[in-house]
Structures are given as C-alpha cells and as structure tokens.
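For reference, the chains in residue letters:
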Amino acid sequence: MAAAGAPIVAAWSSQAGAADPNRKLGFALCGLGSLSTGQIAPAFQATQHCRLAGIITGTPAKAAAWKAKYNIPDKNIYNYETMVRMGDNPDIDVVYVVTPNALHAENAIKAAQAGKHVLSEKPMEVSVEKCQKMIDACRAANRMLAIGYRNRFEPHTMECIRLAREKVFGPVKTIEAAFGFILGDPNQWRVKHALSGGGALMDVGIYALQTARYISGGEPVEVSATETKTDLVRFKEVDETMAFQLKFPDGVTASCRTSFNSGSLNSYTVQAEKGWFGLAPAYNYGGVQGRRSDGKPIDAPLVNQFAAEMDDFSQCILGNKPTIVPGEEGLRDVKIMMAIYEAAKSGKPVKLT
Ligand code: NAD
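Heads up: these notes are all about the structure in this document. (Residues numbered from 1 in each chain as written. Predicted model: local features only at pLDDT ≥ 70, side-chain atom pairs only at ≥ 80, totals over all residues. Heavy atoms only, no water.)

**Let's talk about the layout of surface pockets**
Let me state the cut-off plainly: A pocket here means an open set of points on a 1 Å grid, computed over the protein atoms alone, that has protein on both sides within 12 Å along at least five of seven lines. A cavity is instead a set of points where a 1.4 Å probe fits but cannot get out; residues with an atom within 4 Å of a point line either one. Grid points are joined across faces, edges and corners, and a volume is the space filled by probe spheres set on the points. Starting at the N terminus, helices and strands are each numbered in turn, a helix being any DSSP run of H or I of at least four residues and a strand any DSSP run of E of at least two. Put simply, Ala, Val, Leu, Ile, Met, Phe, Trp, Tyr, Cys and Pro go in the nonpolar bin, Asp, Glu, Lys and Arg in the charged bin, and everything else, Gly too, in the polar bin.
Approximately 820 Å³ is the volume found for the largest pocket. Forming the boundary of the largest pocket are 38 residues, of which Ser34, Leu35, Trp189, Arg190 and Asp203 lie nearest the centre. Residue assignment for the lining of the largest pocket shows that the elements contributing at least two residues are helix 2 (34-43), helix 4 (104-113) and helix 8 (200-216). Here the element with the most residues in the lining of the largest pocket is helix 2; it accounts for four residues. For the lining of the largest pocket, a count of residues per class yields 15 nonpolar, 16 polar and seven charged.

**Some thoughts on the pairing of strand 10 (residues 253-259)**
Stated precisely, the cut-off is as follows: Between any two strands, pairing holds if DSSP finds at least two bridges.
Pairing analysis gives seven bridges linking strand 7 (residues 172-180) to strand 10, with the strands arranged parallel. Counterpart to Ala178 in the pairing with strand 10 is Arg257. Pairing geometry for strand 9 (residues 241-247) and strand 10, over seven bridges, is antiparallel. The residue bridging Gln245 from the neighbouring strand is Ser255, located in strand 10. In this structure, the hairpin formed by strand 9 and strand 10 is closed by a connection of five residues, where Gly251 is found at a positive phi of approximately 95°.

**Quick notes on the sheet that holds strand 5 (residues 117-120)**
The strand order across the open sheet built from six strands is 3-2-1-4-5-6, with neighbouring strands paired in parallel fashion. Each edge of the sheet is formed by a strand with only one pairing partner; in this case those strands are strand 3 (77-78) and strand 6 (145-147). Pairing of strand 2 (residues 50-56) with strand 3, which is carried by two bridges, proceeds in the parallel orientation. Following the sheet pairing, Ile56 is matched in strand 3 by Tyr78.

**A look at the nonpolar core**
Inclusion rule: Definition of nonpolar core: a set of buried residues of the types Ala, Val, Leu, Ile, Met, Phe, Trp, Tyr and Cys, connected through side-chain atoms within 4.5 Å. Relative accessibility thresholds used throughout: buried, under 20% of the residue-type maximum; exposed, over 50%; partly exposed, between the two (1.4 Å probe, protein chains only). In this description, contact between two residues means that some pair of their heavy atoms is separated by no more than 4.5 Å.
Of all hydrophobic cores here, the largest spans 105 residues; its most connected members are Leu29, Val95, Ile215, Phe244 and Tyr268. No other element matches helix 8, which puts 10 residues into this core. Residues contacting Ile215, with those up to four places away along its chain left out, are Cys160, Ile161, Ala164, Arg165, Val172, Ile175, Tyr268, Val270 and Phe277. Formed by six residues, the second largest nonpolar core is a distinct cluster that contains Leu183, Phe235, Val238 and Phe260.

**Side note on the packing of aromatic side chains**
What counts is decided by this rule: Two rings belonging to Phe, Tyr or Trp (six-membered ring only in the last case) form a pair when the distance between their centres is within 6.5 Å. Interplanar angles under 30 degrees mark stacking, angles over 60 mark edge-to-face geometry, and anything in between is tilted.
Enumeration according to the criterion identifies 10 aromatic pairs in this entry. An angle of 75° between the planes, with centres 5.4 Å apart, marks the rings of Phe181 and Phe260 as edge-to-face. Remark: Phe260 occurs in the loop between strand 10 and strand 11 (266-272) and Phe181 occurs in the loop between strand 7 and helix 7 (193-196); sequence separation between them is 79 residues. What makes Phe181 partly exposed here is its relative accessible area of 27%.

**With respect to the sheet that holds strand 9**
Going by this rule: Each axis is a line fitted through C-alpha atoms, and for a helix only the stretch in contact is used; angles between axes span 0 to 180 degrees, taken between their N-to-C directions.
Taken together, the eight strands give an open sheet; going across it, the order is 13-12-11-7-10-9-8-14, and neighbouring strands pair in mixed fashion. The open sheet terminates on both sides in strands that have one partner only, identified here as strand 13 (290-292) and strand 14 (350-351). Pairing of strand 7 with strand 11 involves seven bridges; the strand directions are antiparallel. Each residue of the ladder has a partner; that of Thr174, found in strand 11, is Gln271. The strands touched by helix 6 (residues 155-165) within the sheet are strand 7, strand 11, strand 12 (275-279) and strand 13, with strand 12 carrying the most contacts at an inclination of about 160°.

**Concerning the pattern of salt bridges**
This is how it is decided: By salt bridge we mean one thing: a side-chain nitrogen of Lys or Arg within 4 Å of a carboxyl oxygen of Asp or Glu.
As enumerated under the stated definition, the model contains 20 salt bridges in all. We note a salt bridge from Arg213 to Glu219, for which the minimum N-O separation is 2.8 Å. With relative accessibility at 0%, the residue Arg213 sits in the buried group. Residue Glu219 is classed as partly exposed on the basis of its relative accessible area of 25%. Connected through shared salt-bridge partners, Arg152, Arg213, Glu219, Glu329, Arg332 and Asp333 make up one network.

Next comes the structure, spelled out in structure tokens:
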C-alpha cells in the first residue's frame, strides 16, 4: 500500500522477470558522492537480489577508482551523456539516481528512455512538475519507478506502522516528529536552491513528513509552518530551520521540526488514545530504537536499510508487483513540502486538495 491509501502504481510487464525470479538484478549507481560511496555501494553485499553492475559519473578519476574497487567492466561505465546508450547493455536493469535533487528527473528520464527501471533518491525532485515528468517517462517506457524511502523497509518503523494501523494503543491522536543535523561544508549543493529546491525541509524534514503520513495513514488537508534562520549568510538561499504542522481529515495532527543547525533532532512520538509509542533515534542508518508506553519493547531486527530497499525493488521488478514507494508517493511529499514553503512565506495555513 502507498503510505496513505490505495496502491496507485501499475506494475510493469516483464517476460525476463517472470522467466527467472531468482536472478540478481544489475544496478548502475548514477552519482558517486557521499551516499553512494559510504552507504549504497557497500550495501550491495547485504542484498540477495541485487548486484552493483555499473556506474554513471562525470568524474573520470572516480570511474577508475570504482572500476578497481568493485570490479566494474569498462562497458558498464557511463557518464551523464553516454548513459542514454545503456539500452543495449543487458547487465544493467536498474539505474539508482543519487545526484543532487534537481538532477533526479533529468537522469531518471534518461535511464527510463534507455529502458531501465529507476530508483531515485529522496526528495524525488524540486517541483511537482518535475516529479510528474519522471512518472510519465517511466510509464511511457513501461519501467518501474521507486523513491529511496529507506525507512519504509526499516523493521522498527514497520512495527510502529503496525501499532498505528492495528490501533494497539487505540486510535492515533497526535504525532511529533523531528529530524535535523548540523550541516558541514557551507558550499555544498544542499544550500544552493537551484540544485536542492530547499534546505532542511527538502533534505531531512521529509522524513518527519513521511512519518506523519505513514503513521496517520492519511493525507494532510492543511499545513502551517514557521521558518527561523540564525545564519543569514550560509542559509541565504534555503531554509535553515522549519517547524510545520499538518492536519489530517480524521482529526489527527502532526507537529514536525527540521533543521540544518541542530544535531539533536532525530525522533518521533505517537500519542494514541490509550498510550504512546515512538522511535529515538528514528532516522539513522543504523541503531534505530523504539519505546512504548506499556513498557514492552519494540523488538525488531536492525537491518541494512539500503539493502532492504534495493532488494524490495528488485523483487517488485522480478515479481511484477507494485512498490510501496512509487513515484506517486514521492510526488505527494513534494507537493506537501511546496505547500509548507508557501505557508511559511505567507504566515497563513495552506489547504491541500
Ligand atoms: P553528494 O554531494 O555527496 O553527491 C552528489 C553526487 O552528484 C556527486 O558525486 C557529484 O559529483 C554528483 N553531481 C552530478 N552533477 C552534479 C552537479 N551539477 N552539482 C553537484 N554534484 C553533481 O550528495 P549526497 O549526500 O550523496 O546526496 C545525493 C542524493 O542522495 C540527494 O538527493 C540526497 O537527498 C540523497 N540522500 C539520501 C540519503 C538517504 O538516507 N536516503 C542520505 C543522503 C543523501
């Protein structure tokens, strides 16, 4: 199911997938920055249905280093221009787009047009229009599109979703969620609006927004927001700290906070009619921990979230099943984040349709 409602994605038709459901799908990583290097490439070792088959990079030195480290053949090494020729390369089934946010659509569309399935990092893109173009391109090419919401495959998170859905503590009333960190390099693309589409909200506030949506199981009908800035130079183009509130149709409210200037925001608490539960830390790559008001543990395994996310996508492709994190899910978040920016700018609540 999509975070908040009925599945909306058509599966794709694959004869190759149906023929051999156990084969490992070949992934090409597009953009070899810190996430690809530090998390995604090592995660392949923990997958069952995926292998790192290729790379797409604009930097020849990175191509050489990755070729040596991961034994990638020359024919599977592309740059952002040559990737359009991937269509004749059966080693690559999926392109995982891990570039700055405003380059997701461009690379995803090239990949889809070359006949590859697409996994795009979050946030999906910097505007609703660009998200829609990604969806349209993948649909036209009959390829699957998923967004890298790794938390959706994190077992403590999945247990919290179960507690909410099964009303173990009664109906959910309020959700408080926060994620922030202290931004390092002051010149990185995250503070350049043209490449990021926004600051803390787009980068990590999206996790709190996701929590509000997957825990409530609904779609917000109204948002309000306040932005605060302490460093007017570093955060000239993007939001440094944002507090935002969401109202859901069934009366559930969410109060969220995100910041590029706080290392202590990394948790959520769900208040239900007869108790509470939540995670702290909630959004780390590892070490997620849960608590519940009745003292029982939220006892779930710690997994490699990127491996779980990639394996799930491969299984969706091989089994011709819809993903729980389709492009439409990424588009919904971008639409809500745009409304949050509008609310912060106007100082007034914004209704969502
Ligand atoms: P990064 O800056 O470390 O890497 C970005 C890569 O894109 C670099 O290799 C860079 O060379 C390349 N690139 C291509 N064209 C570029 C251009 N015009 N300008 C700048 N860089 C360009 O960033 P990152 O932290 O790896 O983030 C990449 C994506 O992954 C972002 O969309 C980010 O939101 C997402 N991300 C997700 C998670 C997660 O937990 N799912 C964590 C971190 C980042």
